[in-house]
Amino acid sequence: MIRPTKPEDAVALIEVANTIGFQPHEIEALRKMLADYFGGNTDSDPFWITDFDDKDGPVGVAYCEPERMTEQTWNLQLIAIRPDHQGQGRGGKLLHYVEETLKARGGRMLLVETLASFERTRKFYAKCGYEEEARIRDFYTAGADKIVFRKVLNAA
């Protein structure tokens, strides 16, 4: 079941991030982002979505926020499925849910970013209809390029 994230999901979602390899400083940033979101301490209109399994609880998460100073362009900042639930189509369903939510809000375009070295992730986005838009060399660190994908949701 995919649904909006609830405050009681936070601990499990942090664990999802931990299982996919988030570093300690990234986990701390995620913890703060969730706390700010549920505390109403954000100056934009982000949203969190949870993939909830009846047996295992929260097993996936997506976080999306609007790009400032644009007309309905959104950025998918995080999408993750717990490794023991990957390969079941959950990521595609979660991404589709995000897209449909954005369309209902009038979202025009969704951007997603990933490391160039994450070949499986790049193939996932291409399979979901995203086109590679840009490559920023050495973005994360020397030799770690950022790839930006885009998908038009509602044509102007």
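Residues numbered from 1 in each chain as written. Predicted model: local features only at pLDDT ≥ 70, side-chain atom pairs only at ≥ 80, totals over all residues. Heavy atoms only, no water.

The protein chain is annotated in an unreviewed UniProt entry as GNAT family N-acetyltransferase of Nostoc flagelliforme FACHB-838.

A. Here's a closer look at unusual backbone geometry. At Met-69, a residue that is not glycine, the phi angle is positive and equals roughly 60 degrees. Relative to the elements of secondary structure, Met-69 occurs in the loop between β3 (57-66) and β4 (73-81). Residue Met-69 is classed as exposed on the basis of its relative accessible area, which comes to 89%. Positive phi is not limited to glycine here, since Gln-72 has a value of about 60 degrees. Turning to its location among the elements, Gln-72 is positioned in the loop between β3 and β4. Gln-72 sits in the partly exposed class, given a relative accessible area of 32%. (Helix = DSSP H or I, 4+ residues; strand = E, 2+ residues; numbered from the N terminus. Buried < 20%, exposed > 50% of the residue type's maximum accessible area, 1.4 Å probe, protein only.)

B. Expanded view of the side chain of Lys-151. With respect to the secondary-structure elements, Lys-151 resides in strand β7 (residues 144-152). One polar contact links Lys-151 to Glu-99, side chain to side chain, over a distance of 3.2 Å. Filtering out sequence-adjacent residues up to four positions away, Lys-151 remains in contact with Glu-99, Arg-108, Met-109, Leu-110, Cys-128, Gly-129 and Tyr-130. (Polar contact = N/O pair within 3.5 Å; in protein donor to acceptor, adjacent residues only side chain to side chain. Contact = heavy atoms within 4.5 Å.)

C. Quick peek at the pattern of salt bridges. A complete count under the given rule lists 14 salt bridges for this structure. Of the charged contacts in the structure, one is a salt bridge between Arg-31 and Glu-28, with a shortest N-O distance of 3.3 Å. Of the two residues, Arg-31 and Glu-28 both sit in helix α2 (residues 24-39), three residues apart, roughly one turn of that helix. For Glu-28, a relative accessible area of 45% puts it in the partly exposed group. Of the charged contacts in the structure, one is a salt bridge between Glu-99 and Lys-151, with a shortest N-O distance of 3.2 Å. Highlighted residues: Glu-99 in helix α3 (residues 90-104) and Lys-151 in strand β7, separated in sequence by 52 residues. By relative accessible area, which is 5% here, Glu-99 ends up buried. A cluster of three or more residues bridged by salt bridges with shared partners is formed by Asp-51, Asp-53 and Arg-90. (Salt bridge = Lys/Arg side-chain N within 4 Å of Asp/Glu carboxyl O.)

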